[in-house]
Amino acid sequence: MAVSFQQIEEKLKTEARRLLESGQVSLVLAWGRGFDEKHPMPYVAKGASDVDGIVFNEFCTHNLARYLVRYPRGTKMAVAVKAADSRAVVQLIQEDKVKRHDLVILGIPVYGIKNPKTGEIIDGKTTCGLYNPVLYDILIAEEVHGQPVSSPYAVLAEYEAMDQDARFAFWKKELDRCIRCYACRKACPMCYCDPCFIDQNKPKWGEKSPETPGNLMYHLTRFHHLAGRCIDCGECSRACPVDIPLYLFHKKVAKECEEMFGQAAGMSIEDKPVLVNFRMEDSDKILE
Amino acid sequence: MSFEPKILGIACNWCTYTGADLAGTTRLQYPQNLRVVRVMCSSRINPSFIFRAFQLGADGVLVGGCHPGDCHYNTGNLYARRRLAVTKKILEFAGLEPGRFRVEWISASEGNKFAEVVTEFTGQIKALGPQTKFKIS
Amino acid sequence: MSRIGVFVCHCGLNIAKTVRVSELAEFAATLPDVVVAKDYKFMCSTPGQEMIANDIREHRLDRVIVTACSPLMHEQTFRKVLAASGLNQYLLTIVNIREQVSWVTHNIDEGTSKAKALLNGAVNRSRLLMPLTSRVIDVNPDVMVVGAGIAGIQASLELANTGRKVYLVEKNSTIGGHMAQFDKTFPTLDCSACILTPKMDSVLQHKNIQLLTSCEVSEVKGFVGNFDITIRQKARYVDHDKCNACLACTEKCPGKSVSEWDEGLAKRKAIYIPFPQAVPQKPVIDREACTFFKKGKCRLCEKVCEQKAIDFEQQDTFSTVKVGAVIVATGYDLMDTRDLIQYGYGKYPGVYNALEVERLFNSAGPTGGKVILRDGKEPQAIAILHCIGSRDKNSYEHCSRVCCMYSLKFAHLFKEKTSADVYHFYIDIRAAGKGYEEFYNRIIEEDVKFIRGKGARVAKSADEPDRLMVEAEDTITGKFIRLPVDMVVLSPAMIPRSNAKDIARLFNLSTDKQGFFMERHPKLAPLSTMSEGVFIAGVCQSPKDIPDTVAQANGAAAEALTIVVKDKMELEATTVMVNPASCCACQNCVRVCPYGAPFFKEDKGVSEINEALCKGCGLCASVCPTGAIIARHFTNDQVLAEMEGLMEF
């Protein structure tokens with residue numbers, strides 16, 4: 001590894017301090033200390049004095065794009081992003097939730113981020129498998145090259161090969177375990193709806209207690225709401241306290257969208273989200 | 001007694017619903033398992049309507065809209081096509097049999113096509129048997 | 001708690017035959033919140049309507065469900081009953097148990113149980129309905145008529161005579177349409193020009209008609225009462241304001257092209273008026289044929305024009321016209337019979353189509369009214385082939401309706417103008433019109449031969465190389481016939497204009513299987529379309545003769561008038577609204593709306609709706625992830641409640 005996590009942390013601090021001191025931004029979204037080294041937390045530096053609280057290590061999985069929509073429109077912000085996280089920023093710009101000119105994107109090319117629960121290096125099996133940001137203003141480290149690149153959709157083959165009944169049984173078993181804590185939507189940079197459809201009473205789309213029908217309604221509809229928007233950072237699944245592999249479903253929908261509409265989420269700020277767009281040459285084949 | 005499926009239809013006012021009326025006016029016969037909800041445009045169909053229909057016990061869901069390019073609202077069905085395609089992929093990956101959800105473009109002049117599609121789809125759902133996966137018991 | 005009244009219509013036996021209507025009413029009475037349920041023979045009749053009105057008062061109903069025919073049929077009728085009884089008209093629900101139940105099954109058990117399910121869904125939905133207020137809008141008093149054939153001319157004159165301003169749009173450089181090409185009209189044999197040209201002149205002279213020739217509709221915005229229509233004025237290269245119609249230019253012009261008006265049987269100049277009685281009487285330059293445009297030199301017309309009206313720099317221009325209603329009367333094309341190679345059209349000079357023959361008869365035509373073939377000879381034997389491309393599943397299934405009659409007219413004129421033997425090859429003769437059967441009988445008397453059998457093939461005669469051979473099966477004798485003739489007349493299918501799809505898209509019209517514009521209802525609204533405020537007349541709707549076309553044009557004018565005669569009109573109240581508390585500012589609604597109705601309020605951080613632009617399709621409501629957008633009358637909870645009801649039984 002060309003650049004150490006320590007070097008990234010130092011560079012992040014330097015840039016954060018410079019941006020805050022110059023008044024270019026009023027806050028910097030980064031990672032900070034958690035209760036132990038394995039559990040860093042999202043961290044907001046609002047002044048130069050906060051900068052020392054910034055950390056970066058191999059367990060900084062959080063997608064900080066999640067927090068961009070928390071601040072009033074027009075707030076000048078810097079945000080530290082890894083590869084997938086940068087796609088979330090791009091997607092939010094597409095959706096006009098943040099303006100490009102209000103952002104300073106601190107891009108972090110990095111390989112070796114680990115899932116704190118399993119200790120495994122995060123790659124294309126559970127995320128989009130990119131290691132370099134797709135959009136940034138300041139690059140915090142040299143781009144990563146030569147690391148194993150796995151197709152983000154290879155992991156799906158096993159599930160696509162199942163027959164309908166087996167796949168239903170699989171998902172029923174998984175989604176039955178959902179305790180409806182909504183950590184998935186809290187972690188998701190694209191889940192900015194307030195209120196979420198599932199919290200509503202008129203109409204009541206599904207039961208709020210953790211039972212199969214309501215769980216299905218919540219998750220299936222959420223998969224649809226995120227179709228063509230999910231950037232495959234995998235945070236929903238890492239946030240899930242009962243380890244439901246939500247990323248699998250999101251990957252499947254992302255794959256289908258890419259095949260049907262020829263566009264992956266969060267790759268270019270010029271794109272329009274695929275489900276609020278159409279092309280005359282769309283084919284009826286997609287309905288088969 | 002043989003299995004008589006419940007099929008939910010959602011039809012746009014301008015094309016498919018009018019086409020269904022035409023099937024009636026011309027006295028075409030088709031199975032009575034379909035119950036149609038009228039909406040103004042196929043683009044009105046919220047994906048959750050489809051999920052909900054299967055939870056309510058629909059054995060099949062048939063969506064009907066204007067042919068692409070002929071939408072009364074110009075482009076509504078072009079959005080609907082994409083959104084319903086994704087709905088279908090989601091249902092299938094969750095384990096629904098692919099044959100249970102279908103989208104058809106049926107114009108106001110295609111009473112024949114309406115009757116044919118309903119007949120054919122009803123037969124297909126009968127062959128698939130009751131939908132139990134998503135139905136809330 | 002709602003107080004719902006359910007009214008089940010028998011529609012005579014239309015419904016009662018395959019739905020047990022009294023059982024359905026008894027079933028309705030058991031459903032929650034239903035306080036009265038009745039069945040009656042004809043709910044749409046006056047006593048039926050009075051029954052509903054009385055029950056609304058007597059039972060203090062706040063919701064009404066009429067279980068009858070399609071809402072597209074009588075929704076308005078019953079809405080009026082509610083309104084007259086002091087109940088908001090949007091509290092009505094129609095359950096369609098005729099078109100979608102009783103007429104599509106023979107099984108009364110199946111019919112009854114499906115009707116119950118539909119009714120159960122309707123009761124569920126009915127409870128959640130909200131009273132809605134219609135929007136009142138200003139109505140533009142002017143009308144646009146698209147297409148200036150006999151239908152467009154007639155409609156324009158009728159409207160203009162009531163004092164309305166009419167914009168008459170014609171894509172060609174003259175008005176008149178196909179009728180201007182005809183010589184005589186059946187069955188009276190009066191001269192087409194004699195009845196048409198005075199009308200064309202009236203259009204030109206009428207102070208309320210603005211004639212827009214060489215123009216096409218390029219964009220339609222707005223809605224009934226308030227259309228904004230963009231017109232493309234195609235470059236004529238002649239300033240019609242300056243031109244004094246001396247036509248010196250047309251004499252000097254060296255450029256030549258085939259005359260469209262003469263169906264290619266004669267030539268015309270590059271600067272030309274299509275025919276001597278054209279309206280307006282002012283020339284245009286055909287860019288394709290003009291020597292100057294082709295070679296960069298010539299400008300003879302410019303030199304001879306004393307008015308300095310020639311303008312080679314002229315460009316297409318666009319202007320916007322505001323109108324309250326539109327009549328589309330864009331007419332038809334004849335099928336291109338070259339595609340039917342068995343008839344040899346385009347291959348054998350002796351084969352003509354019907355419009356070419358019209359021109360041969362016409363004294364202003366290429367032969368001065370004489371029947372002279374392309375080889376300069378007068379025919380000795382003529383075969384008229386009916387139903388070419390019409391009534392033919394391989395081409396067009398529809399009957400073109402006028403061919404039998406004009407073919408009979410041709411026979412008469414051939415007899416009058418030549419000494420030829422005339423043969424009809426026909427499937428059957430359709431002469432259903434005033435004076436038509438009499439005309440048919442008259443032609444039979446004129447020594448015209450009728451062979452009942454569709455012409456199968458036209459070939460070169462083997463024995464006489466300069467003659468043609470028509471082959472057919474005479475279905476009366478059962479014999480195969482080969483008849484040598486000099487001239488073959490094809491009566492081709494009348495088909496939609498080649499650009500009918502574009503017109504349909506512009507005005508949001510539906511088209512039928514053949515591509516003709518579809519009427520809102522085949523019997524009760526034959527001139528209305530699914531597009532509110534847009535009417536159709538003439539052959540663009542389906543093939544018809546001149547009397548029917550003129551009758552439709554008058555009808556369409558009256559329909560358009562019912563809209564523009566009022567200053568204000570009520571619009572459907574079924575638009576969308578935003579609940580700002582739930583809006584997550586994703587702006588999906590803004591991205592998808594084809595009409596630009598939703599817009600994003602930056603300061604409030606929520607979307608809002610410009611209701612004047614909203615057409616109520618509900619697309620925005622389905623792309624709204626939080627359900628903040630409420631599609632009135634089709635809200636999420638209303639749709640879900642109906643679905644629940646439908647799936648219960």
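Residues numbered from 1 in each chain as written. Chains lettered and ligands numbered in written order. Predicted model: local features only at pLDDT ≥ 70, side-chain atom pairs only at ≥ 80, totals over all residues.

> Explain the overall build of chain A to me, using residue names and the numbers behind them.
When its secondary structure is counted, chain A shows 8 helices and 5 strands. Its helices and strands in sequence order give chain A the pattern α-β-β-β-α-β-β-α-α-α-α-α-α, from N to C terminus. In terms of C-alpha radius of gyration, chain A reaches 19 Å, essentially the compact-globule figure of 19 Å for 288 residues. With the principal axes as the frame, chain A shows a C-alpha extent of 55 × 40 × 40 Å. Taken across its 288 residues, chain A has 47% of its residues classed as buried. Of all intrachain contacts in chain A linking residues separated by at least 6 positions in sequence, the fraction that spans at least 24 positions is 70%. (Helix = DSSP H or I, 4+ residues; strand = E, 2+ residues; numbered from the N terminus. Rg over C-alpha atoms; globule rule 2.2 N^0.38 Å. Buried ≥ 20, exposed ≤ 12 C-beta atoms within 10 Å, placed from the backbone. Contact = placed C-beta atoms within 7 Å.)

> Account for the overall build of chain C, naming residues and giving values.
Helix and strand counts for chain C come out as 17 helices and 34 strands. Summarising its shape, the C-alpha atoms of chain C cover approximately 90 × 70 × 40 Å along the three principal directions. Counting over 649 residues, chain C shows a buried share of 51%.

> How would you explain the sheet that holds strand E4 (residues 92-96) of chain C if you had to name every residue and give the values?
All names here are of chain C. The 4 strands are arranged E2-E1-E3-E4 in an open sheet whose pairing can be described as parallel. The open sheet has two edge strands, strand E2 (34-40) and E4, and neither has a second partner. The mean angle between the axes of side-by-side strands here comes to 15°, regardless of whether they run parallel or antiparallel. Strand direction decides the pairing type here: strand E1 (residues 4-9) and strand E3 (residues 63-68), joined by 5 bridges, are parallel. Counterpart to Val6 in the pairing with E3 is Ile65. Packing of helix H2 (residues 46-58) onto the sheet brings it into contact with E1, E2 and E3, and relative to E2 it is tilted by some 165°. (Pairing = 2+ DSSP bridges. Axes fitted to C-alpha atoms, helices over the stretch in contact; angles between N-to-C directions.)

> Explain the domain arrangement of chain C to me, and be specific about the residues and the numbers.
Domain boundaries assigned for chain C yield domain 1 (4-134), domain 2 (143-234 + 316-330 + 499-564), domain 3 (248-304), domain 4 (333-495) and domain 5 (576-631). Summarising the inter-unit geometry, the C-alpha centres of domain 1 of chain C and domain 4 of chain C are found 55 Å apart. (Domains from an automatic or database assignment.)

> How would you summarise the sheet that holds strand E17 (residues 317-323) of chain C if you had to cite specific residues and measurements?
Residues and elements named next belong to chain C. The sheet built from 3 strands is open, its strands ordered E11-E12-E17 with antiparallel pairing. The outermost strands of the open sheet, each flanked by one partner alone, are strand E11 (215-223) and E17. Neighbour to neighbour, the strand axes of the sheet diverge by 20° on average, direction disregarded.

> Can you tell me about the domain arrangement of chain A, naming the residues and giving the values?
Residue and element names in this part refer to chain A. Taken domain by domain, chain A comprises domain 1 (5-139) and domain 2 (154-287). For domain 1 versus domain 2, the separation of C-alpha centres amounts to 24 Å. Class assignment of the residues belonging to the side of domain 1 that touches domain 2 gives a composition of 11 nonpolar, 9 polar and 7 charged. (Nonpolar A, V, L, I, M, F, W, Y, C, P; charged D, E, K, R; others polar.)

> How would you summarise helix H3 (residues 71-84) of chain C if you had to cite specific residues and measurements?
For H3 of chain C, spanning 14 residues, the distance from its first C-alpha to its last is 19 Å, which sits close to the expected 20 Å at 1.5 Å a residue. Buried residues of H3 of chain C: Pro71, Leu72, His74, Phe78, Arg79, Val81 and Leu82 of chain C, and no others. On its buried face, H3 of chain C sits against helix H1 (16-25) of chain B together with H2, E3 and E4 of chain C. One or two positions beyond H3 of chain C, positive phi appears at Gly86 of chain C, with a value near 80°. (Expected span 1.5 Å × (residues − 1).)

> Which residues make up the interface of chain B and chain C, and what values do they have?
Interfaces are often sized by the accessible area lost when the parts come together. At the interface, 40 residues of chain B touch 40 residues of chain C. Breaking the side of chain B that touches chain C down by element, the ones donating at least two residues are H1, strand E2 (34-39), helix H2 (47-55) and helix H3 (76-93) of chain B. Counted by class, the side of chain B that touches chain C contains 19 nonpolar, 14 polar and 7 charged residues.

> Which residues make up the environment of Leu118 of chain C, and what are the values?
Position of Leu118 of chain C relative to the elements: it lies in helix H4 (residues 108-128). Put simply, Leu118 of chain C and Thr67 of chain C are 51 residues apart on the chain and 9.1 Å apart in space, counted from C-alpha to C-alpha.

> Which residues make up the pairing of E3 of chain C, and what values do they have?
All names here are of chain C. With 6 of 6 residues buried, E3 is to be regarded as a mostly interior element. Burial of the side chains of E3 extends over both faces: Arg63, Ile65 and Thr67 are buried on one face and Val64, Val66 and Ala68 on the other. Strand direction decides the pairing type here: E3 and E4, joined by 5 bridges, are parallel. Its bridge partner being in E4, Thr67 is matched across the sheet by Val95. In terms of handedness, the path from E3 via H3 over to E4 forms a crossover that is right-handed. (Right-handed = clockwise from strand over helix to strand, strands pointing away.)

> Residue-level account of the packing of H1 of chain B against helix H4 (residues 111-128) of chain B, with values.
Residue and element names in this part refer to chain B. Remark: H1 packs on H4, axes separated minimally by 7 Å, with the N-to-C direction vectors making an angle of 90°. Our classification of the angle between H1 and H4 gives roughly perpendicular. Contact with H1, carried on its side by Thr16, Gly19, Ala20, Leu22 and Ala23, involves Gly111, Lys113, Phe114 and Ala115 of H4 and no other residues of that element. Grouping the constituent residues of the contact of H1 with H4 by class yields 5 nonpolar, 3 polar and 1 charged. (Parallel < 35°, antiparallel > 145°, perpendicular 65-115°, else oblique.)

> Give me the confidence of the model for chain C: which residues, what numbers.
Of the residues in chain C, 100% reach a pLDDT of 70 or more, and the chain-wide mean stands at 95. Two summary scores accompany this predicted model of the complex, namely pTM at 0.76 and ipTM at 0.98. (pLDDT = per-residue confidence, 0-100.)

> Tell me about the interface of chain A and chain B, and please be specific about residues and values.
Contact residues are listed per partner, giving 27 residues for chain A and 26 residues for chain B. Sorting the residues of the side of chain A that touches chain B by element identifies helix H4 (164-176), helix H6 (212-225) and helix H8 (246-261) of chain A as the ones contributing at least two each. Of the residues belonging to the side of chain A that touches chain B, the class tally is 19 nonpolar, 3 polar and 5 charged.

> Can you break down the environment of Val89 of chain A residue by residue, with the values?
All names here are of chain A. By secondary structure assignment, the location of Val89 is in helix H2 (residues 83-94). Considering only alpha carbons, one finds Val89 and Gln147, 58 residues apart in sequence, at a separation of 24 Å. Look past the residues within four positions of Val89 in its chain and what remains in contact with it is Ala65, Val79, Val81, Leu103, Ile105 and Leu135.

> Could you give an account of unusual backbone geometry, naming the residues involved and the relevant values?
Residues and elements named next belong to chain A. Omega for the bond connecting Asp194 with Pro195 falls within 30 degrees of zero, at 5°, which places this linkage in the cis form. Relative to the helices and strands, Pro195 is located in the loop between helix H5 (183-187) and H6. Between Lys202 and Pro203 the backbone carries a cis peptide bond, its omega angle lying at 0°. Backbone geometry places Asp232, a non-glycine residue, at a positive phi of 60°. On the neighbour-count criterion, Asp232 (24 C-beta atoms within 10 Å) is buried.

> Got a sec to walk through the packing of helix H11 (residues 403-417) of chain C against helix H12 (residues 436-445) of chain C? Specific residues and values, please.
Residues and elements named next belong to chain C. Remark: H11 packs on H12, axes separated minimally by 10 Å, with the N-to-C direction vectors making an angle of 35°. Handedness of the H11/H12 crossing: left-handed. Each of Met405, Leu408, Ala411 and His412 in H11 lies in contact with H12, whose residues at this interface are Tyr436, Phe439, Tyr440 and Ile443. (Left-handed = near helix turned anticlockwise from the far one by under 90°.)

> I'd love a proper account of the pairing of E11 of chain C, names of residues and values included.
Residue and element names in this part refer to chain C. In the sheet, E11 pairs with strand E12 (residues 226-233) via 8 bridges, with the strands oriented antiparallel. Residue pairing across strands places Glu216 opposite Arg232, the latter belonging to E12. Once E11 ends, the chain turns through 2 residues before running back antiparallel as E12, passing Gly225 with a positive phi of about 90°.

> With reference to specific residues and values, describe the environment of Arg44 of chain B.
The residue Arg44 of chain B is located in the loop between E2 and H2 in this model. When residues no more than four places from it in sequence are discounted, the contact partners of Arg44 of chain B are Val39 of chain B together with Cys617, Gly618, Leu619, Ala621, Ser622, Ala631 and Phe634 of chain C.

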